[in-house]
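So the chains spell out like this:
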Amino acid sequence: MAIVMCVPNISEGRDTGTVEAVAAAVRATPGVILLNCSSDPHHHRSVLTFLGEPEAVLQAAQAMTDVALARIDMQQHHGSHPRLGAVDVVPFVPVRGMDMAAAIELARRYGRYVGALGVPVYYYEEAATRPERVNLADIRKGEYESLPERLLDARWQPDEGPAQFNPRSGATVTGARHPLIAFNVNLRTTDLEVAQRIARAVRHISGGYRHVRAIGLALEDRGMVQVSMNLTNYARTPLPRVLETIRFEAARHGVSIAGTEIIGSLPMAALEEIVQHYLQAHDFSIQQVIESALIEAAG
């Protein structure tokens with residue numbers, strides 16, 4: 001049985017009614033399991049994680065998109081996290097019995113669906129049609145506010161949908177990628193520059209770890225700042241290594257870590273490195289976890 005995971009990010013993190021309506025559309029799709037739905041009012045963003053067989057996941061993605069587009073108005077949206085549209089980014093991640101080529105085709109079927117609704121669509125990561133569209137940050141540069149001008153640029157014509165600004169829905173980015181970990185570190189300071197410096201220290205684009213993308217954000221209501229990250233290859237850049245680097249960099253500024261957040265789901269194998277590092281159980285294997293054995297037995 002082929003299994004694919006979908007991790008939509010929508011531009012709504014404050015209206016619980018809208019978030020629940022979007023999640024309900026996923027739950028109502030036969031053959032799909034909603035693993036997680038996480039909202040952040042500071043980011044003004046919610047992340048859903050669901051999986052199932054490809055056709056069922058595609059139906060769920062389409063259903064939740066219909067609800068989100070009907071209820072989210074980007075003209076009223078302001079949050080600390082970069083965003084391009086109401087349904088901001090929708091990646092498809094092959095999990096089992098499915099190769100990347102099949103995930104790319106699924107993403108493009110979804111992209112054609114959204115484009116037909118009148119929303120400009122860009123393909124990214126493995127589904128990108130141009131080198132400059134592989135990286136999500138490059139596509140999202142200038143954010144929603146830049147779309148009217150960007151859509152006039154021949155280099156930034158959408159892959160699907162009209163090359164016209166949709167003020168209510170913005171644009172959607174979709175594609176296929178490998179599993180990643182969305183990981184945030186909150187710092188006990190209100191100095192945004194500290195978070196931005198630490199983000200530059202750990203992210204690949206400015207000389208940090210090869211598989212880390214990071215930005216510094218303000219959490220004004222909490223009186224803190226945050227280093228918000230995507231770890232795109234947890235095997236080559238383990239989570240504990242990144243966390244300890246942030247702890248070291250923060251200490252240089254006289255700042256401590258208030259806590260961390262894992263957004264959405266993460267692969268069970270990523271926990272192996274965490275246990276090995278923090279418990280100093282260097283021979284620990286995920287196979288020692290009882291539930292892991294049960295999963296193996298179930299096939």
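Described below are features of the structure shown in this document. (Residues numbered from 1 in each chain as written. Predicted model: local features only at pLDDT ≥ 70, side-chain atom pairs only at ≥ 80, totals over all residues. Heavy atoms only, no water.)

1. Details of the overall build of the chain
The condition is simple: Each helix corresponds to a stretch of at least 4 residues labelled H or I by DSSP, and each strand to a stretch of at least 2 residues labelled E; elements are numbered beginning at the N terminus. C-alpha atoms define the radius of gyration, and 2.2 Å times the number of residues to the power 0.38 defines the globule rule. Any residue under 20% of the maximum accessible area for its type is buried, any over 50% is exposed, and the rest in between are partly exposed; the area is computed with a 1.4 Å probe on protein chains only. Contact definition: two residues touch when any of their heavy atoms are within 4.5 Å. Using a 1.4 Å probe, the Shrake-Rupley method yields the accessible areas, and only the shown protein chains count as cover for residues. Residues scored as positive are Lys and Arg, those scored as negative are Asp and Glu, and His as well as the terminal groups of each chain are ignored. Note on charges: their place is set at NZ of Lys, CZ of Arg, CG of Asp or CD of Glu.
Across its full length, the chain carries nine helices and eleven strands. For the chain, whose C-alpha radius of gyration is 19 Å, the value lies close to the compact-globule estimate of 19 Å for 299 residues. In terms of principal-axis extent, the alpha carbons of the chain reach across some 55 × 50 × 40 Å. Looking at the chain as a whole, 49% of its 299 residues are labelled buried. Counting contacts in the chain only where the partners sit at least 6 residues apart, residues at least 24 apart contribute 71% of the total. Per element, the accessible surface of the chain, about 13,700 Å² overall, is 51% carbon and sulfur. Once the 28 positive and 33 negative side-chain charges of the chain are each reduced to a mean point, those two points are 4 Å apart.

2. Focus: the side chain of S228
As a reminder of what qualifies: Polar contacts here mean pairs of N or O atoms no more than 3.5 Å apart (in protein, one a potential hydrogen donor and the other a potential acceptor; neighbouring residues in sequence count only if both atoms are side-chain atoms).
Assignment of secondary structure puts S228 in strand β10 (residues 224-231). Side-chain polar atoms of S228 contact the side chain of N184, separated by 2.9 Å. If sequence neighbours within four positions are ignored, S228 has contacts with H43, H81, F183, N184, R213, A214, I215 and L217.

3. Observations concerning the pairing of strand β9 (residues 212-219)
To keep it simple, the criterion reads: Two strands are said to pair when DSSP picks up at least two bridges between them.
Here β9 runs beside β10; their pairing, made up of eight bridges, is antiparallel. Across the sheet, the residue bridging to A218 is V225, located in β10. Counting the residues between successive antiparallel strands, the hairpin from β9 to β10 contains four residues, one of them, G223, with a positive phi of roughly 65 degrees.

4. Some thoughts on the pattern of salt bridges
Going by this rule: Note on definitions: salt bridges are taken to be side-chain nitrogens of Lys or Arg within 4 Å of carboxyl oxygens of Asp or Glu.
Scanning the model with the defined rule gives 17 salt bridges in all. Notably, a salt bridge pairs R168 with D73, separated by 3.7 Å at the nearest N-O pair. Of the two residues, R168 is situated in the loop between α5 (147-150) and β7 (172-176) and D73 in the loop between α2 (54-71) and β5 (87-96); the sequence distance between them amounts to 95 residues. In this structure, R197 engages E193 in a salt bridge whose closest nitrogen and oxygen atoms are separated by 3.2 Å. In this pair, R197 and E193 both sit in helix α6 (residues 192-202), four residues apart, roughly one turn of the helix.

5. Let's talk about the sheet that holds β9
Backbone hydrogen bonds are what pair the strands of a sheet, in a parallel or an antiparallel way. Stated precisely, the cut-off is as follows: Every axis corresponds to a line fitted to the C-alpha atoms, with the helix fit spanning only the stretch in contact, and the corresponding angles, defined between N-to-C directions, vary from 0 to 180 degrees.
With respect to topology, four strands assemble into an open sheet ordered β9-β10-β8-β11, the strand pairing being antiparallel. Taken across any chain shown, the strands that pair with only one partner, and hence form the sheet edges, are β9 and β11 (257-263). Geometrically, the sheet is characterised by an average inter-axis angle of 20 degrees between neighbouring strands, direction not taken into account. Bridge count between strand β8 (residues 181-187) and β10: seven bridges; the pairing is antiparallel. By the bridge assignment, N184 is partnered in β10 with S228. Together, β8, β9 and β10 form the strand contacts of α6, whose direction differs from that of β9 by roughly 175 degrees. Across the face of the sheet, helix α7 (residues 239-252) comes into contact with β8, β9, β10 and β11 while running at roughly 20 degrees to β8.

6. Some details on the nonpolar core
Within soluble globular proteins, side chains that are nonpolar generally end up buried alongside one another. Applicable threshold: Put simply, a nonpolar core is a bunch of buried Ala, Val, Leu, Ile, Met, Phe, Trp, Tyr and Cys residues held in one set by side-chain atoms that sit within 4.5 Å of each other.
Within the largest apolar cluster, 49 residues are counted, with the highest numbers of intra-cluster contacts made by F50, M64, F92, Y110, Y122 and V173. No other element matches α2, which puts eight residues into this core. In terms of nonpolar packing, the next biggest core, distinct from the first, is built from 23 residues, F183, V185, L243 and A270 among them.

7. What to know about the packing of aromatic side chains
Formally: Each Phe, Tyr or Trp ring, with Trp reduced to its six-membered ring, pairs with another whose centre is within 6.5 Å; inter-plane angles below 30 degrees give stacked pairs, above 60 give edge-to-face pairs, and intermediate values give tilted ones.
What the rule picks out here adds up to three aromatic pairs. Here the aromatic rings of Y122 and W156 are separated by 6.2 Å at their centres, their planes lie at 70 degrees, and the arrangement is edge-to-face. Of this pair, Y122 sits in strand β6 (residues 121-125) while W156 sits in the loop between α5 and β7, placing them 34 residues apart in sequence. Across the pair, W156 and Y122 agree in class, each one buried. Summarising the aromatic geometry, the rings of Y144 and F165 are spaced 5.5 Å apart at their centres and angled 50 degrees between planes, so their arrangement reads as tilted.

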